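Coordinate analysis (summary)
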Amino acid sequence: MRRRKRYPNRPLTEAQIRILLQAVDNIRDDALVRLGLSVGLRVSEVVSIRTSEVDFDRGLIKIWDEKKDRWRLVMP
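The structure contained in this document is the topic of the report that follows. (Residues numbered from 1 in each chain as written. Predicted model: local features only at pLDDT ≥ 70, side-chain atom pairs only at ≥ 80, totals over all residues. Heavy atoms only, no water.)

**Points about the pairing of strand β3 (residues 70-74)**
Here is the rule: Two strands pair under a simple rule: DSSP has to find at least two bridges between them. In this text, helices come from DSSP runs of H or I with a minimum length of four residues, and strands from runs of E with a minimum of two, each type numbered from the N-terminal end.
With five bridges connecting them, strand β2 (residues 60-65) and β3 associate as antiparallel partners. Bridge assignment links Trp64 to a residue of β3, and that residue is Trp71.

**What about the pattern of salt bridges?**
Spelled out, the test is: We define a salt bridge as a contact between a side-chain nitrogen of Lys or Arg and a carboxyl oxygen of Asp or Glu at a distance within 4 Å. Burial here depends on accessible area, computed with a 1.4 Å probe over protein chains only, as a share of the maximum for the residue type. Under 20% is buried, over 50% is exposed, and the range in between is partly exposed.
Scanning all chains against the criterion turns up eight salt bridges. Across the pair Asp65 and Arg42 runs a salt bridge, and its minimum N-O distance is 3.8 Å. Taken together, the residues Asp65 in strand β2 and Arg42 in the loop between α2 (27-39) and α3 (43-47) connect sequence positions 23 residues apart. Residue classification places Asp65 among the buried residues on the basis of a relative accessible area of 5%. The exposure class of Arg42 is partly exposed, given its relative accessible area of 35%. Salt-bridge contacts for Arg72 lead to Asp65; the nearest nitrogen and oxygen are separated by 3.7 Å. Residue classification places Arg72 among the partly exposed residues on the basis of a relative accessible area of 23%. Connected through salt bridges with shared partners, the residues Arg42, Glu45, Asp65 and Arg72 form a single ionic network.

Printed below as a string of structure tokens:
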């Protein structure tokens, strides 16, 4: 049985982040990419955020953490 080759997770460089942000045309996508990069969210966490999970008064976002099976609060 062949094993899948895994590649180490490496953070994006500053130049790669600039290129990524310049390539985004849609304002919604730009906001999601910036949120994910600034807070360090997984893609699945970013795309599953609902407006009901955003606390505008306190400036917090409630994120469901799949690995720990609980809610966590992040500050963008």
